[in-house]
Each structure stands twice: as C-alpha cells, then as structure tokens.
Amino acid sequence: MRFSGKVVIVTGAGSGVGRATALLYGKEGARILAADIDEGSAGKTVEKIRGAGGEAEPFHVDLSSRAQAHSMVEAAVDFFARLDVLANVAGIYPRAPVEKVTEEHLDRVLAVDLKGPFFACQAAVRAMKAQGGGVIVNVASGTAFYGLEEHAAYSAAKGGLVSVGRVVAVEAARHGIRLNTVVPGRTDTPGLRARGGSIPETGDTVPANERWMRPEEIAEVIVWCSSDGAGMVNGALLRVDGGWKML
Amino acid sequence: MSEGTRFDGEVAIVTGGASGIGRASASLFANEGARVVIADVDEGKARRVAESIATAGGEVVVERVDLSSLSDLEALVERTAERFGQIDILANVAAIFPSASFMKTSPTAWDRIIDIDLKAVFFLTQAVARKMIEQNRGAIVNVASGAAFRPVPGMSAYSAAKGGLVAMTRTIAHELARYHIRVNVVAPGHTASETVRAQMSQRSLDAAADGLMAGRWLEPEETAEAIVFLASSAASGMSGAVINVNGGDFMPH
Ligand SMILES: NC(=O)c1ccc[n+]([C@@H]2O[C@H](COP(=O)([O-])OP(=O)(O)OC[C@H]3O[C@@H](n4cnc5c(N)ncnc54)[C@H](O)[C@@H]3O)[C@@H](O)[C@H]2O)c1
Ligand SMILES: NC(=O)c1ccc[n+]([C@@H]2O[C@H](COP(=O)([O-])OP(=O)(O)OC[C@H]3O[C@@H](n4cnc5c(N)ncnc54)[C@H](O)[C@@H]3O)[C@@H](O)[C@H]2O)c1
C-alpha cells in the first residue's frame, strides 16, 4: 500500500472526483480527513472507507472562508499528528453566459474554486515545512486552457489555480514539498449530472476521447502524482481527458 | 521476483532498454509481471540488462535493432508478435543526443538525429499499432525532453525531433483512440543515465545539480515510474498527454 501511515486531506470528499479520491487513498492505506461543505455526504464517504478497513474522519468546511480552510488543515494535524498530502478537489461550476454573470456568482466561484484552495495550500505548506515535506494536488479544469461557453467565472478561477500552483511548486520545492495540478476532462459525477443534460456512456467500449471520464480515473492520477513513485514530478500539469482536447 | 502484478500477461517492447531510462523501465515492467523485449542497438549491454532482469525472476528477451533502419523496425514487430502473439505496450525510450551548436550542425548530423529520435518513433509506433489495432487495445509511451519546450543550447536538431515527437503524439493519440490505444509522452528533466555519467565528470554533474530545483539529478528509475504509470490501466483516462518529470525545473503548459 502506497500510503500506509500517511495522512491525506481530500476536499470535496462527499461526491464525484473527491469521493473517488478519498476511497482510493483509503485503499492505499492512508488516514484521511474527508472534508466537504456537505457533512452528511462526507460522512458517507468515511463510512465506506471504514467499512473497507480504512481510517477516516469527516470534516465540515466551507472553503470560501480563509479561516475555515486554515482550520481544516489544523484539524488534520490535530486528528492524525501530521499532514502528507492535501488534495484540493472541491469545486463548483455554475453556468452563466458572461453577460449574465452577477457579482455574487463571480465572488462565490472565485471564493470556492480559487481562494479556498489558495488558503488551504498556504496552511498545508506551513504544516508540511515543519515536518520536512509533503505533496499538494490541485484539481483544475480544461476550461483553464480553452473557451468553454458559459464558464467565464469558473475559467478565471481554474486558470488562477493553475498559475498559483506553479508559484507554490517553485517556492516550496526547497522544503521537500511538491505541487501538481490535475486537469480532468468531462467527468461523470453527481455534480455534473445535477446540472442536467445527457451524459453519454462511460464504459470501456467507447474510445477514451469520446467517452466521459469516470471519477475513479481522475482519482488514480491524483493519487499517483502524490505518491513516492512520482517523487520528481513537481509543478506538472496532468491532463486526464482521454485525449479529448489535449490543450 | 514479481513484486507487482500490474502487467501480468502483458508484452512490452522497450527501445533503448540497454541503458538509462530504458533500462530502468524494462526492469520496472518486468518487476510488475510483463514479458519484456529489450530493443537496442547495443546488444552487449542489452544482454547484461536482460541477465539481471532474468536473475531477479523476470521474463525478458533481447532484440538487436538499429532504429535508423526501417526494416529492423518491421522485423522487431514481426518477431515479437510471432513469439508472444500480442504486443500490449510500446515504450519509445531510445534516442541519441549529441551536442552541436546550431551553426555547426551538418545535414548529416541533422538526418541522424531526426532518423533515430523522430522518424524511428513514428514508424515503430505505426508498425506496433497495426498489431494493437487488431487487439483493439494498447498503450504507447514516447519519451521526449525538456528540449521540446525550452531552449537547450547545443540541442537544436534534438529539440526539433523532440518537439515533433510531442506534436505527433497528440495526432496519433487522436487517430488511435477509437481502437482503445492510448499514446502519451513523458518529458524527463536532467537524468543521470549511464550515457550522461560517461559524458560528464562528477564535478560538472554536481555543479549542474546546484542549478536544479530539486538540487540533484533524476535517477533513471524516477522517470521510468512515470512511463510505467502511463502504460498501466491506472492511466486509462490519459491520452495525448505529457507528464513532465523534472522536479519543477520548468513548467510548460
Ligand atoms: N465533472 C467534471 O466534468 C469536471 C471537469 C473538470 C474539472 N472538474 C473539477 O473536479 C472537481 C470535482 O468535481 P466533481 O464533478 O466531482 O464535483 P461534485 O459536485 O460531484 O463534487 C464536489 C464536492 O465539493 C463540495 N463543495 C462544494 N462547495 C464547497 C465548499 N464551499 N466547501 C467545501 N466543499 C464544497 C460539494 O459538496 C461536493 O461534495 C472540481 O474542482 C471540478 O471543478 C470536474
Ligand atoms: N538523460 C537525460 O538527461 C535526458 C533528458 C531528457 C530526455 N532524455 C531522453 O530520455 C531517453 C533516454 O535517455 P538516457 O539518458 O537514458 O539514454 P541512454 O543513452 O542512457 O540510453 C539510450 C539507449 O538507446 C540506445 N540507442 C541509441 N541509438 C539507437 C539506435 N539507433 N537503435 C537502437 N537503440 C539505440 C542506446 O544504445 C542506449 O542503450 C532518450 O529519449 C532521451 O532523449 C534524457
């Protein structure tokens, strides 16, 4: 097991990519702080991890608050006495054509998708520095690189997250801390399904670049790039879109 | 020895498997249960690597191949298909990287670098993909270089080859997706392979290390981990992608 004895925070652990990521870390032997604004769903993730013999604690956090992002990191260190990996997976992606984006819409998306992970990184770097190393994984989106209609605020947040990630990678490298950014393509998650519209088949009979990703496929890449085997993968962008866009 | 089982029953061709990153990749694949074909022009070194893999319990064969010969490429694929009946993985690792300033690069030098570092990858991939299309599955990993993305003095022809390799990988990945064949790139940073160690003194290695983000060179095994990951089913969501393994020295998009 690649993460025996390691402590991992997964944000957005109650659903979709975050839940798949938390479950995979659980299988790999990590102790997990399953953080989400929806404590009930984070609790279900924790039950599944425990049911499989793993160790996890649920944690309620609204990442739009700097104070709460910081206390999430403190909670992990309180529970488990260290922090090896922070996986910033939580995100929201409400749609609106640019002329309909309200100030509230922009503020909320920037707060959850950029400010939250930013301050979580800040607290994690502090904790990891003190213990001599660690890994951060940010989950961005292809919309950081191409124009997807009705995603103006979201693109701004995810583009910002990609840029911030490079700076943290450079600043923290000398402390043994790595940061990588995973860039999912279209992924079949409850969050995406809740927006309506039809989601085509994700099975293996469909070529990767035509099908939607499964949350587990994103989770595999998040977990790998935070593992010791990827010890020299730092500041990297890992696209997981099956070759859908490739940019 | 098989420590893992990620590649049980699979057949992997590794070019450049006699040295450096290719050698490390061949060992890792074998460690994880793959039957490995080391395809290299240096038969002596290839045999020594094969022996150490076999001693550790791995299944491995050596094919002497000069990648600058298209008939060698065809023969490699035919013999491998005959021997094993399948080809699941191709890792295009071999390359040459002689240094020459742009103004002193001759047409002969250009041709040799392009032949081995770009053309051979193209046509070996094509020949292997013919088998993979029949199987309706496969994974191909091409090894590029930071020179594809940023200036490396003395490496102008090499950077053309590696840049071309990254670009063609995307299109090949797109065309082969319908056959469930994934094609990806690993771009290594400064790696202390046998060839690099033979060319540089320990002093100049150390001096260069000071300028690197991690303060040290990569070991070939560290790059091989990314190659093996991309070839595995854990990377089923990745195609046409590039993984940079450089400790954070630079971060292309
Ligand atoms: N699904 C896709 O196609 C896709 C594509 C590219 C990128 N992504 C990114 O992947 C990540 C996960 O997406 P998903 O589709 O699994 O989403 P999801 O909606 O299924 O899950 C997101 C989770 O984040 C939690 N969350 C929302 N706001 C929060 C807040 N303020 N504080 C704490 N937790 C909060 C939610 O409660 C939910 O459990 C997001 O960052 C998303 O932007 C998704
Ligand atoms: N070492 C580095 O710092 C570095 C950095 C970036 C990229 N790379 C790339 O990584 C790969 C491996 O590099 P390395 O340093 O491990 O190399 P290496 O020189 O140690 O090994 C290369 C192998 O390729 C074989 N080879 C060369 N020409 C061949 C031919 N015509 N036919 C068949 N085999 C041939 C050699 O015999 C050798 O065994 C190359 O693609 C290289 O461009 C290396």
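Data block above holds the structure.
Quantities reported herein were computed from a predicted structural model and do not represent experimental measurements. (Residues numbered from 1 in each chain as written. Chains lettered and ligands numbered in written order. Predicted model: local features only at pLDDT ≥ 70, side-chain atom pairs only at ≥ 80, totals over all residues. Heavy atoms only, no water.)

1. Some details on the interface of chain B and chain A
No. 1: Counting residues at the interface gives 32 residues for chain B and 31 residues for chain A.
No. 2: For the pair chain B and chain A, the summed buried area comes to about 2,500 Å², and 64% of that belongs to carbon and sulfur atoms.
No. 3: Together, B:Gly237, B:Met251 and B:His253 form the three largest contributors to the area buried by chain B at its contact with chain A, with a combined 21%.
No. 4: At the boundary of chain B and chain A, one finds zero salt bridges. (Contact = heavy atoms within 4.5 Å. Buried area = accessible area lost by both parts, 1.4 Å probe. Salt bridge = Lys/Arg side-chain N within 4 Å of Asp/Glu carboxyl O.)

2. Quick look at the packing of helix α7 (residues 215-225) of chain A against helix α8 (residues 220-231) of chain B
No. 1: At a closest axis distance of 12 Å, the pairing of α7(A) and α8(B) adopts a crossing angle of 170°. Classified by the angle between their axes, α7(A) and α8(B) sit roughly antiparallel to one another. Of the residues in α8(B), those touching α7(A) at A:Glu220, A:Val221 and A:Trp224 are B:Glu225, B:Ala226 and B:Phe229. (Axes fitted to C-alpha atoms, helices over the stretch in contact; angles between N-to-C directions. Helix = DSSP H or I, 4+ residues; strand = E, 2+ residues; numbered from the N terminus. Parallel < 35°, antiparallel > 145°, perpendicular 65-115°, else oblique.)

3. So, the pattern of salt bridges
No. 1: Evaluation of the coordinates by the stated rule reveals 23 salt bridges over all chains.
No. 2: Note that B:Asp42 is salt-bridged to B:Lys45, the shortest N-O span being 3.9 Å.
No. 3: Given a relative accessible area of 34%, B:Lys45 falls into the partly exposed group.
No. 4: The partner of B:Arg197 in a salt bridge is B:Glu219, and the shortest N-O contact between them spans 3.8 Å. Of this pair, B:Arg197 sits in helix α6 (residues 194-199) while B:Glu219 sits in the loop between α7 (202-210) and α8, placing them 22 residues apart in sequence.
No. 5: Among the residues examined, B:Arg197 registers a relative accessible area of 39% and is labelled partly exposed.
No. 6: Each of A:Asp204, A:Arg211, A:Arg214 and A:Glu217 takes part in salt bridges that share partners, so that together they form one network. (Buried < 20%, exposed > 50% of the residue type's maximum accessible area, 1.4 Å probe, protein only.)

4. Side note on the pairing of strand β3 (residues 59-64) of chain B
Residues and elements named next belong to chain B.
No. 1: Judged from the six bridges that link them, strand β2 (residues 35-40) and β3 form a sheet pairing that is parallel. If you follow aspartate 40 over to β3, its bridge partner there is arginine 64.
No. 2: Chirality of the crossover, the property in question, places the unit of β2, helix α2 (residues 43-55) and β3 among those that are right-handed. (Pairing = 2+ DSSP bridges. Right-handed = clockwise from strand over helix to strand, strands pointing away.)

5. Let's talk about the site of ligand 1
All names here are of chain A.
No. 1: Inspection of the region around ligand 1 gives 31 residues, with Ser15, Asp36, Tyr93, Tyr154 and Thr189 positioned closest.
No. 2: Taking glycine 191, its main chain carries an N or O atom lying 3.0 Å from an oxygen atom of ligand 1.
No. 3: Counting residues per element, the ones that place at least two in the shell around ligand 1 are α1 (16-27), α4 (103-131), α5 (152-172) and α6 (190-193).
No. 4: For the shell around ligand 1, the leading source of residues is α6, giving three residues.
No. 5: For the shell around ligand 1, the per-class residue count stands at 15 nonpolar, ten polar and six charged. (Near = heavy atom within 4 Å. Polar contact = N/O pair within 3.5 Å; in protein donor to acceptor, adjacent residues only side chain to side chain. Nonpolar A, V, L, I, M, F, W, Y, C, P; charged D, E, K, R; others polar.)

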